[in-house]
Structure formats: structure tokens, C-alpha cells
Amino acid sequence: MEDLGFVTWPPEPIRTERLVLREPEARDRAPFIELLASPQVHTYLGGPRPRDELERETPAVPERWPGSFVVDLDGAMIGQILLRRATAHRRPAAAGKADLGYLFLPRAWGLGYATEACAAALDWFDGVLPGEPVVLTTQTANAGSMRLAAKLGFTEVERFEAWGAEQWLGIRS
């Protein structure tokens, strides 16, 4: 994966009705570790990373690179939105396109935050790179992620087997 190319980073914080999408800060280190160590969050992502490993390896300001947004609710991180160029994607249909990823803490699930945050990130993306398609890959077993993809306007390109499970690749043009 690579960054998005010639975009000004970081952008001004993106404000929605309930959320702020912003650049990661030092205060986000503990929530990032919680996010990456959560078995619930990583059910469809190959499993969590060991917390002690994350404590050792996570920098003071984690995930600080173009395309990485913290999703902030009332001053606290509840998730992350990722937009990166899929240069070495497993599927030819996705190669070179922007790839949307997202992770949310379990306490933020089922409240519409992922839809709100992803829609805002995609609106920002459309403003800085108009006309560029975006891809999204998820396991078909991940019903919540499949619903989110549909709400965001992604349409199926293909299904394929990877990491021992059926995967879904969608595109948003």
C-alpha cells in the first residue's frame, strides 16, 4: 500500500454531525493499542496482535501518515479510517485504486458511526481526487461490513478465497 499521492496532509479536521475526523495525536496511542489488540475488532482480520508487542512497537503518535484519520467522538478516539493506494493488491481489479479501510472499537458498533465517518472520508477524498474510484475488501461473513459497503455505494466486483475465507471486493466510482 502507498499513500494517496499529491494531497495536502493533514487536512483540516473533518466535522460531521457527531464526529471529527482528524490526524492521529499522542493521546490516541492507548486507543490504537486497544483497537489493534481487540479480538472482537480482528475477528475477520486474522486475529488481534499481542498487547505486549503493541506496547513495545507502537510509537508515541501512532498511524501518522497520509490517509489515516482518527475518528473522534466527544474528544476520544473510537476508530480509524484508512485511505491508501492499493498498489500490490491481491486482485487486479483493485490494483492502483484507493482502498478504504476502517476499524472501530466495539463500544462504537451499531450506532452509525462507521457509516458517518466513512461517508465523510469519502466526501473528502472526492474533493481532493475527483473521479478516482475507491475499492473496499471484506469477508463475506462480516455482515456489518457488508451492510456498510452497500450503504456507502460500493458494488460487487468479485468474490474470491483468501486467508481461508470468502472475500468480497467492491468498488465505488
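Below or above, wherever it landed, is the structure these notes cover. (Residues numbered from 1 in each chain as written. Predicted model: local features only at pLDDT ≥ 70, side-chain atom pairs only at ≥ 80, totals over all residues. Heavy atoms only, no water.)

Structurally, the position occupied by E158 is in strand β7 (residues 155-162). Within the structure, E158 has its side chain in polar contact with the side chain of R91 (distance 2.8 Å). Not counting chain neighbours up to four residues away, the residues in contact with E158 comprise R91, A93, Q167, W168 and L169. (Helix = DSSP H or I, 4+ residues; strand = E, 2+ residues; numbered from the N terminus. Polar contact = N/O pair within 3.5 Å; in protein donor to acceptor, adjacent residues only side chain to side chain. Contact = heavy atoms within 4.5 Å.)

Once that is clear, we can look at the pattern of salt bridges. One pass over the structure, following the stated rule, counts 17 salt bridges. We note a salt bridge from R56 to D52, for which the minimum N-O separation is 3.8 Å. Of this pair, R56 and D52 both sit in helix α2 (residues 51-57), separated by four residues, roughly a single helical turn. Residue D52 is classed as partly exposed on the basis of its relative accessible area of 49%. (Salt bridge = Lys/Arg side-chain N within 4 Å of Asp/Glu carboxyl O. Buried < 20%, exposed > 50% of the residue type's maximum accessible area, 1.4 Å probe, protein only.)

Examined against the element boundaries, R107 turns out to sit in the loop between β5 (97-104) and α3 (113-128). Along the chain, R107 and I78 lie 29 residues apart, while their C-alpha atoms are 8.0 Å from each other. Setting aside residues no more than four positions away along its own chain, R107 makes contact with E34 and M77. Polar side-chain contacts of R107 include one of 3.2 Å to the side chain of E34.

Attention now moves to the sheet that holds strand β4 (residues 76-86). Read across the sheet, eight strands follow the order β1-β2-β3-β4-β5-β6-β8-β7 without closing on themselves; strand pairing throughout is mixed. If you trace the sheet from one side to the other, it starts and ends with β1 (14-15) and β7, each paired once. In this structure, strand β6 (residues 134-139) lies alongside strand β8 (residues 165-172), joined through six bridges in antiparallel fashion. Within the sheet, the bridge partner assigned to T138 lies in β8 and is W168. (Pairing = 2+ DSSP bridges.)

On their own, these measurements won't tell you what the molecule is for.
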